[in-house]
Amino acid sequence: MVKVNLSGCNSFIKKAEFDEYVSKALKAYDVLDSESGAGNDFLGWKALPDGTPESLLQEFEAVRDDWRSRGVNLVVVIGIGGSYLGARCALEALNHQFILPEGRPRIVFAGNNLSEEYLAEMMDLAARSNVACIVISKSGTTTEPAVAFRIVKEHIEARYGKEEASARIVAVTDAVKGALKTLATQEGYRSFIVPDNVGGRFSVLTPVGLLPICVAGYDIRAMLRGAADAKAAVSVRSADNPAVQYAAMRNLLYSGLGKKVEILVTFNPRLTYLAEWWKQLFGESEGKECKGIYPASATFTTDLHSLGQFIQDGDRCLFETTLKVEKSGRSVVIGSDPQNLDQLNYLAGQHVEHCNAMAALGTKLAHIDGGVPQLEVSIEAVNERTLGEVFYFFEAACGISAYLLGVNPFNQPGVEAYKKNMFALLRKPGYEAATEEILKKI
């Protein structure tokens, strides 16, 4: 189960201060638990670990098996924000980092940017592959995924014909309304529902995340079991609740010590995209009303050779949360060399992961000495079950933390601002007046 270690903050805070914030976090926990706070119509994620029907999982597997029978070796997953980050971070964590396993399709992601080069090069790959597509959008009109889907859909229809295309495209969308739902009905696409009561950044355990993870060949039942374990652990009203502890400490460091930036650090590159998912979760949930901790991330030891100087000696505006993996999934031992020109024989016989662990401990001690408080969130290993645990843990902790901060964790009013300007500059119908105003500014 996910564990939280706050000892790296002991030299920065007083126990009485932390106890006070734990009390505040428990009150925020009560708001989340009773579902009485702002945004309480978006709490469907709480029931997903033990409330997802087996029949739905079997439908995902039917898509996976059908595409295998068609020889599909490339699946384009189209979505942006919460519509792709959960699946991507799971696949980045679970995939072999260099070799595509036999019999599993390659999963690529589109619709998360508007880069012409990115789309063109992805279509280069599609042209030499056997392609299927999962398109994820509540409305079907969000610009980035809509552009990508138009291009991918056109390719699939031209190459395989309309009838075969309907078997190679799956929509994850609204139950009854929206452009994508209308198209899915017209074209006969298999479709799955984005629940109305689950916001995008909390949707990894819905069809939004589970379908791509299943199609890639991974055990989504184990992921849900892990999430259920985490739910049991963080659903206890206690000062020892790890989600309460994490929320309390990060808010104490923010409000009490003025630490405005949290860096989520991992010493395992498999988890780099988990940090991207975490950044959206906390950034979009807490960054409002001119409040919130800025969520940043780093992958060590790599980024110690780029960001390490700033973290050690720069502005003391930050604290670190290390996402620790207790057990390596592989074994590599450092050998001995008769010449010892690299002066590494003192490490002969040691596992590389032992060196990594000592680098992590050395970094923690150095950063504490440099004035950077240290939190640690640890999981046993990287697999489907532990990913389910960490997904649910951070979702619950985020809800508690945002309520403690005094903001609605489940809305995102600021996300629309850039879209209005973009639509006006692209001269989208209905934005003519805004176009004139913007042109005066540039």
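This is a predicted model, so every value here is computed, not measured.

Scoring rules and cut-offs
Residues numbered from 1 in each chain as written. Predicted model: local features only at pLDDT ≥ 70, side-chain atom pairs only at ≥ 80, totals over all residues. Heavy atoms only, no water. Pairing = 2+ DSSP bridges. Helix = DSSP H or I, 4+ residues; strand = E, 2+ residues; numbered from the N terminus. Right-handed = clockwise from strand over helix to strand, strands pointing away. 1 Å grid on protein atoms, 1.4 Å probe; cavity = no way out; pocket = protein on both sides within 12 Å on 5 of 7 lines; lining within 4 Å. Points joined across faces, edges and corners; volume = space filled by probe spheres on them. Nonpolar A, V, L, I, M, F, W, Y, C, P; charged D, E, K, R; others polar. Expected span 1.5 Å × (residues − 1). Contact = heavy atoms within 4.5 Å. Salt bridge = Lys/Arg side-chain N within 4 Å of Asp/Glu carboxyl O. Buried < 20%, exposed > 50% of the residue type's maximum accessible area, 1.4 Å probe, protein only.

> I would appreciate a short explanation of the pairing of strand E6 (residues 190-193) in the present structure.
Each regular strand carries side chains that alternate between the two faces of the sheet. Sheet topology note: the strand E5 (residues 169-173)/E6 ladder contains four bridges and is parallel. Within the sheet, the bridge partner assigned to valine 170 lies in E6 and is arginine 190. For the crossover from E5 across helix H8 (residues 179-187) to E6, the handedness is right-handed.

> Any chance you could explain empty space enclosed by the protein here in plain terms?
Over the atoms, a rolling probe the size of a water molecule traces out where space has been left empty. On inspection of all chains with the given rule, the structure shows one cavity of 30 Å³ or more. The computed volume of the largest cavity comes to approximately 30 Å³. Taken together, Arg64, Trp67, Arg68, Val72, Val75, Pro105 and Val215 make up the full set of residues lining the largest cavity. Here the lining of the largest cavity takes three residues from helix H3 (residues 54-69), the largest share from any one element. Tallied by class, the residues present in the lining of the largest cavity amount to five nonpolar, no polar and two charged.

> Would you take a moment to explain helix H12 (residues 272-286) for this structure?
Three or four residues apart is the spacing at which side chains of an α-helix point the same way, because the helix has 3.6 residues per turn. Relative to the 21 Å expected for 15 residues at 1.5 Å per residue, H12 spans 21 Å between its end C-alpha atoms, a close match to the ideal helical length. On the buried face of H12, the contacting elements are helix H4 (85-94), helix H11 (242-255), strand E7 (261-266), strand E8 (294-299), strand E9 (318-325) and helix H15 (384-405).

> Got a minute to help me understand the pattern of salt bridges in this structure?
If charged atoms from side chains of opposite charge come close, those side chains can pair. Throughout the structure, instances matching the rule amount to 28 salt bridges. A salt bridge links glutamate 35 to lysine 46, with the nearest nitrogen and oxygen atoms 3.2 Å apart. Of this pair, glutamate 35 sits in the loop between helix H1 (15-34) and helix H2 (48-51) while lysine 46 is found in the loop between H1 and H2, placing the two residues 11 residues apart along the sequence. For glutamate 35, a relative accessible area of 38% puts it in the partly exposed group. Residues arginine 168 and glutamate 164 are paired through a salt bridge, measuring 2.9 Å at the closest nitrogen-oxygen approach. Placement of the pair is arginine 168 and glutamate 164 together in helix H7 (residues 162-168), with a separation of four residues, close to one helical turn.

The quantities given are spatial measurements derived from coordinates; they are silent on function.
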